[in-house]
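Chain by chain, the residues run as shown.
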Amino acid sequence: MGSRYDRSLVVFSPDGHLFQVEYAIEAVRKGFLVVGVRGNDSIVLGVERKATAKLQDPASVRKIVAIDEQICLGFAGLQADARMLINRARIEAQSYRLTLDEPITVEYLTKYIAGVQQKYTQSGGARPFGISTLVAGFDTAGKPQLYQTDPSGTFSAWKANAIGRNSKTVREFLEKGWKETSGRDTIKACMRALTEAVEAGSKNMEIAVVGPQGGMQILPDSEVDALVEEINADKAAADAARRASASGQ
Amino acid sequence: MDRMDLSCLESAPRSRAAELCPADLMSQSVSGSSFPLPQVQDMDAFQRDAMAYIKPNHGTTTLGFIFEHGVIVAVDSRASSGTYISSQTVKKVIEINPFLLGTMAGGAADCQFWQRNLGMRCRLYELNNNRRISVRAASKLLANTMFSYKGMGLSMGTMIAGYDPTGPALWYVDSDGQRTSGKVFSVGSGSLYAYGVLDNGYKWDMAVEDAIELGQRSIYHATFRDAVSGGTVSVYHVTKDGWTKVRGVDVGQLHYKYYPECDLHPCHGKPPI
């Protein structure tokens, strides 16, 4: 009976946990996968494409959205919660522009989103947001940046990260093969990571590229399939090279 | 039986505002009747005019310009109330932070307070954003504040000058909420005289020494012709490494430096015709 009441948001558990926040993180782990990879000249966000019902219009289900000209956001978890948070982020970005006559920085926006998420871990009668976000954009010096937030309100910058289901596997894959990339290689790196958990092909994945000129470019299906072909060809070539060197001592 | 004349205690003033003597005013307030207000159509306009009468006349010449090697800011140092010179040693350049300068024209208190307030907000921006604030954003913060007090009697005409990653920057911000970017500005009662000299001598690629001299000369000429500008000329130079104060000369000295002989100046030398 006592442990049931520990699950209230405004009460710590005896061993220092906020169970509601941890359960929210669980909810994120059930959401669809989003992978983000930061290259030298772009950030690539890859999303596991939801299998839409026949009569549903897939274009209305957006997992990567623009916050402002120069910043995009991908989320994993409860879509409805994400919608609310994205709205707040968009308003904050415009308010910043109005007050300072400058575009908002990726870090400032991430700090704001994380701040909103934190506020909801400290008030009674409200539950935390059940989403983690990957915020991608360019800073004023022209360097690409990738940040992640989670339901507890923490945020940090990443070279590459994954959120949602199978994110642990994907992250481990990213850590293993990590190296600095640019241009097309960054896209392929993201797709390779995505393929660890999702079947390759435009039917199951959606790729968005955030470039320095601002805005987010969602790759058309043909482009995605072409890249899948390239990755397979690269892999085959690498395997052949390995086999050749192994057999030829 | 003589009755006391209590007409002055009545709330609706029948006498004209000018004929009220202090005693009446006191008795009115003690008795709790309302303050005798003038019977005018537009009370707001009347109050605005009244404020204009009592506001001391703040004369000033300040100028700023961007050139190839940074930003030059030059100011005088006289404060006046009507024909009384209240100070010859006013600091009209406010050092917001090592890379940002603000000038003072209009109400001294307004300029000083709000620019110090701006300094605080710039510092908070630095702490929150891990980088120095741009001149564009700093001027916008000040302009927002000015606009929110619009119509309430603030008087400030300032130039925010500085250097940030986008290069040298100069913004004019005033208490009407105006905010404009530019290469050359002069603000104050002596600004017209300063513009004459400044516009004549300005070249984008002039040397640093020439630019400093131009700023100094422009202020000198303004102090000569404008009665409410004077004191000392202060010149600041802003580069990517921050600002430095490069000149602080008394305008009287400058006069004799530029015109060592009486005959050299158009105003002097010739006997009256």
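Residues numbered from 1 in each chain as written. Chains lettered and ligands numbered in written order. Predicted model: local features only at pLDDT ≥ 70, side-chain atom pairs only at ≥ 80, totals over all residues. Heavy atoms only, no water.

Named according to an unreviewed UniProt entry, chain B is Proteasome subunit beta originating from Symbiochloris irregularis. The UniProt entry for chain B carries this comment under Catalytic activity (unreviewed entry): "Cleavage of peptide bonds with very broad specificity." Regarding chain B, the UniProt comment filed under Subunit (unreviewed entry) reads as follows: "Component of the proteasome complex." (UniProt positions renumbered as here; feature names shortened; annotations may be inferred.)

Per an unreviewed UniProt entry, the recorded name for chain A is Proteasome subunit alpha type, and the organism is Symbiochloris irregularis. Looking at chain A in UniProt, the text filed under Subunit (unreviewed entry) is "The 20S proteasome core is composed of 28 subunits that are arranged in four stacked rings, resulting in a barrel-shaped structure. The two end rings are each formed by seven alpha subunits, and the two central rings are each formed by seven beta subunits." Taken from UniProt, the Function (unreviewed entry) comment for chain A reads in full: "The proteasome is a multicatalytic proteinase complex which is characterized by its ability to cleave peptides with Arg, Phe, Tyr, Leu, and Glu adjacent to the leaving group at neutral or slightly basic pH."

Enquirer: Which residues make up empty space enclosed by the protein, and what values do they have?
Expert: All names here are of chain B. What the rule picks out here adds up to two cavities of 30 Å³ or more. Each pocket or cavity is described by its volume, and for the largest cavity that value is around 50 Å³. Considering the residues around the largest cavity, the lining is formed by Asn97, Phe99, Leu100, Glu126, Arg132, Ile133, Val135, Tyr163 and Asp164. Along the lines of polarity and charge, the residues of the lining of the largest cavity split into five nonpolar, one polar and three charged. In this structure, the second largest cavity occupies an estimated 30 Å³ of space. Around the second largest cavity, the lining residues are Trp114, Asn117, Leu118, Arg121, Leu141, Leu142 and Thr145. Put simply, the parts of the chain that give the lining of the second largest cavity at least two residues each are α3 (108-129) and α4 (135-148). The dominant element in the lining of the second largest cavity, judged by the number of residues it contributes, is α3, at four residues. Looking at the lining of the second largest cavity residue by residue, the class counts come to four nonpolar, two polar and one charged. (1 Å grid on protein atoms, 1.4 Å probe; cavity = no way out; pocket = protein on both sides within 12 Å on 5 of 7 lines; lining within 4 Å. Points joined across faces, edges and corners; volume = space filled by probe spheres on them. Nonpolar A, V, L, I, M, F, W, Y, C, P; charged D, E, K, R; others polar. Helix = DSSP H or I, 4+ residues; strand = E, 2+ residues; numbered from the N terminus.)

Enquirer: Lay out the packing of α3(B) against α4(B) in plain terms, naming residues and giving numbers.
Expert: To characterise two packed helices, one gives the angle between the axes of the helices and the distance between these axes. All names here are of chain B. At a minimum axis separation of 10 Å, α3 and α4 run at an interaxial angle of 130°. If you check the angle between α3 and α4, you find them oblique. Along this stretch, α3 crosses α4, giving a crossing that reads as right-handed. Together, Trp114, Leu118, Arg121 and Cys122 of α3 and Ala138, Leu141, Leu142, Thr145 and Met146 of α4 make up the contact between the two elements. Here the contact of α3 with α4 is built from residues that sort into seven nonpolar, one polar and one charged. (Axes fitted to C-alpha atoms, helices over the stretch in contact; angles between N-to-C directions. Parallel < 35°, antiparallel > 145°, perpendicular 65-115°, else oblique. Left-handed = near helix turned anticlockwise from the far one by under 90°. Contact = heavy atoms within 4.5 Å.)

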